[in-house]
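Remarks on the overall topology
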Amino acid sequence: MIEEEASSMGTKLAIVLGTRPEIIKLSPLLRACTESRLPHTVIHTGQHYTESLDAVFFDQLELREPDHHLAVGSGTHAEQTAEMMVGIEQVLLEEQPDVVLVQGDTNSVLAGTMATSKLEIDLGHVEAGLRSFDRTMPEETNRVIADHTAEYLFAPTPQSRTHLLEEGIDRDRIYVTGNTVVDAVDQNRELAAAKSTVLPDLDLEPGAFGLMTAHRAENVDDAERFAGILEGADRVATQFGIEIVYPIHPRAEEAIDTFGLEVPDGVRVIEPQDYLDFLVLQDEASVVLTDSGGIQEEACILGVPCVTLRDNTERPETVDVGANRLAGTDPDSILDRTLETVDDVGNWENPFGDGKATDRILEPLLETPVQEVAQ
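Description of the structure in this document.

Rules behind the numbers
Residues numbered from 1 in each chain as written. Predicted model: local features only at pLDDT ≥ 70, side-chain atom pairs only at ≥ 80, totals over all residues. Heavy atoms only, no water. Helix = DSSP H or I, 4+ residues; strand = E, 2+ residues; numbered from the N terminus. Buried < 20%, exposed > 50% of the residue type's maximum accessible area, 1.4 Å probe, protein only. Contact = heavy atoms within 4.5 Å. Areas by Shrake-Rupley, 256 points an atom, 1.4 Å probe, with all protein chains shown as cover. Pairing = 2+ DSSP bridges. Right-handed = clockwise from strand over helix to strand, strands pointing away. Core = buried A, V, L, I, M, F, W, Y, C linked by side-chain atoms within 4.5 Å. Axes fitted to C-alpha atoms, helices over the stretch in contact; angles between N-to-C directions. Parallel < 35°, antiparallel > 145°, perpendicular 65-115°, else oblique. Left-handed = near helix turned anticlockwise from the far one by under 90°. Nonpolar A, V, L, I, M, F, W, Y, C, P; charged D, E, K, R; others polar. 1 Å grid on protein atoms, 1.4 Å probe; cavity = no way out; pocket = protein on both sides within 12 Å on 5 of 7 lines; lining within 4 Å. Points joined across faces, edges and corners; volume = space filled by probe spheres on them. Salt bridge = Lys/Arg side-chain N within 4 Å of Asp/Glu carboxyl O. Phe/Tyr/Trp six-rings, centres within 6.5 Å; stacked < 30°, edge-to-face > 60°. Lys NZ or Arg CZ within 6 Å of the ring centre and 35° of its normal.

**Observations concerning the overall build of the chain**
Within the chain one finds 17 helices and 13 strands. Taken over the C-alpha atoms alone, the chain extends approximately 60 × 40 × 40 Å along its principal axes. Looking at the 375 residues of the chain, the share that counts as buried comes to 59%. For the chain, the proportion of contacts with a sequence separation of at least 24, taken over those separated by at least 6, is 68%. Surface summary for the chain: the accessible area is close to 15100 Å², and the carbon and sulfur share equals 46%.

**Description of the pairing of strand E9 (residues 243-247)**
Among the five residues in E9, four count as buried, and that is most of the element. Both strand E8 (residues 209-213) and E9 contribute to a ladder of three bridges, which runs parallel. Of the residues in E9, the one forming a bridge with Gly210 is Ile244. For the crossover from E9 across helix H12 (residues 250-259) to strand E10 (residues 267-270), the handedness is right-handed.

**Structural notes on the nonpolar core**
With 58 residues, the main nonpolar core has Leu13, Leu101, Phe154, Tyr275, Leu281 and Leu365 as its most contacted residues. Among the elements that line this core, the one with the most residues is helix H2 (residues 20-36), at seven residues. Counting residues in each nonpolar core, the second largest holds 25 residues, with Ile229, Leu230, Leu261 and Val307 among its members.

**Section: the packing of H2 against helix H17 (residues 357-365)**
At a minimum axis distance of 9 Å, the contact between H2 and H17 shows a crossing angle of 55°. As far as their axial angle goes, H17 and H2 are oblique. The crossing of H2 and H17 is right-handed. Between H2, through Pro28, Leu29, Ala32 and Cys33, and H17, the contact on the second element is made entirely by Thr358, Ile361 and Leu362. Taken together, the residues of the contact of H2 with H17 sort by class into six nonpolar, one polar and no charged.

**A look at empty space enclosed by the protein**
Under the criterion given, the structure shown has two cavities of 30 Å³ or more. As a volume, the largest cavity reaches approximately 40 Å³. Lining the largest cavity are Val126, Glu127, Phe154, Pro156, Thr177, Gly178, Asn179, Thr180 and Ile361. Classifying every residue of the lining of the largest cavity gives four nonpolar, four polar and one charged. Here the second largest cavity defines a volume of roughly 30 Å³. Along its surface, the second largest cavity is lined by Leu130, Pro156, Ser160, Asn179, Glu297, Glu314, Arg315, Glu317 and Phe352. Looking at side-chain class alone, the lining of the second largest cavity contains three nonpolar, two polar and four charged residues.

**A short note on the sheet that holds strand E5 (residues 122-126)**
In space, the seven strands of this open sheet follow the order E3-E2-E1-E4-E5-E6-E7, with parallel pairing throughout. Unpaired on one side and paired on the other, strand E3 (68-69) and strand E7 (174-176) mark the two borders of the sheet. Here strand E2 (residues 40-44) pairs with E3 via two bridges, running parallel. Looking at the pairing, Ile43 lines up with His68 of E3.

**Examining the pattern of salt bridges**
Throughout the structure, instances matching the rule amount to 24 salt bridges. Residue Arg64 is joined to Asp67 by a salt bridge in which the shortest nitrogen-to-oxygen separation is 3.0 Å. The class of Arg64 is partly exposed, set by a relative accessible area of 33%. The class of Asp67 is partly exposed, set by a relative accessible area of 38%.

**Describing the packing of aromatic side chains**
Counted according to the given criterion, the structure contains three aromatic pairs. Between Tyr152 and Phe154, the aromatic rings sit 6.2 Å apart at their centres with planes inclined by 5°, giving stacked as the arrangement. Across the pair, Phe154 and Tyr152 agree in class, each one buried. Taken together, Tyr152, Phe154 and Tyr175 form an aromatic cluster joined through their ring pairs. Lying over the aromatic face of Phe278, Arg20 brings its terminal NZ or CZ to 5.4 Å of the ring centre.

**A short note on the side chain of Thr341**
Relative to the helices and strands, Thr341 is located in the loop between helix H16 (331-340) and H17. Taking relative accessible area as the criterion, Thr341 reaches 4% and is therefore assigned buried. Look past the residues within four positions of Thr341 in its chain and what remains in contact with it is Val287, Pro305, Val307 and Arg325.

**Some thoughts on unusual backbone geometry**
At Glu62, a residue that is not glycine, the phi angle is positive and equals roughly 60°. Mapped onto the elements of the fold, Glu62 is located in the loop between helix H3 (56-60) and E3. The phi dihedral of Phe133 is positive, around 60°, even though this residue is not glycine. Relative to the elements of secondary structure, Phe133 occurs in the loop between E5 and helix H6 (138-149). What makes Phe133 exposed here is its relative accessible area of 60%.

Nothing here speaks to function; it is geometry throughout.
Okay, structure coming up:
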């Protein structure tokens with residue numbers, strides 16, 4: 001249906017992205033736009049600026065290269081956002097899209113939102129309505145600003161829509177679509193199975209290891225919290241007789257050196273993995289320990305128990321269905337929450353939709369009837 005409508009509609013999209021999670025979650029939408037010949041332009045801000053975390057994804061996920069690459073790189077929040085705003089505005093003035101799409105809660109989202117709001121262009125926010133209710137998190141500020149600016153709010157779940165309605169956002173601007181992460185996992189799982197050799201390469205057996213990610217500033221920039229995470233992971237490894245595999249983010253690697261932390265024996269640090277290899281690691285792990293919101297979702301979809309190394313989450317649906325437990329960074333709590341997951345492997349219903357979020361996002365933009373996710 002999308003392909004038929006695209007050929008008859010003049011709607012032109014601009015899609016702003018800049019980080020690994022955005023590329024992953026927007027990959028089904030990028031594929032749909034390309035396959036349907038829907039007029040669109042892709043603006044890559046370059047917020048993630050290392051080859052291992054960024055550019056290689058387009059090749060591995062079989063996506064066409066971005067039309068514009070701003071190559072912004074690092075800097076303070078203000079410096080990074082300001083430079084992205086200037087670059088995005090220039091591209092939008094040149095391309096003249098009808099709708100700009102942003103996804104999630106990054107500085108790229110904030111920059112895309114602010115640049116679009118100053119022009120006569122509609123904004124669509126994919127993954128609208130997520131709330132941690134922790135305003136100390138810059139991501140919370142970014143997502144709130146995007147939601148209160150956008151003309152189209154694509155909420156992944158009914159709970160997300162409730163948050164938006166409680167904040168006074170017009171019901172007619174909100175579409176419950178499901179989360180594109182389900183579309184992405186469904187599509188990219190097949191690619192991963194065909195392409196990845198990560199398990200034999202790392203000498204890992206399915207179900208015989210745990211997987212950890214820790215990269216958020218509130219965790220790895222705090223020596224005590226980071227040390228607690230490492231100790232907690234080691235206790236999990238000892239208790240279950242497994243190895244905790246930790247693909248380390250550059251920010252975390254630098255913090256370990258700065259703080260003089262020791263990585264315990266039960267934690268195996270490896271290089272950052274490309275998405276397809278990482279998806280296989282998630283799929284075959286016995287448990288996932290993470291401070292990433294996106295990985296909480298993916299673990300839930302894959303049926304792998306998750307323990308979140310934070311005190312709150314903007315993905316409460318994962319907790320509500322029993323797929324995820326909040327542990328914070330205390331080692332005892334990390335072990336206790338992991339022990340609670342033992343009998344719950346895959347024993348929940350995926351709350352993020354049926355894998356058709358991409359169609360539900362594109363349909364209202366093309367002015368076609370849209371059927372929301374079942375309530």
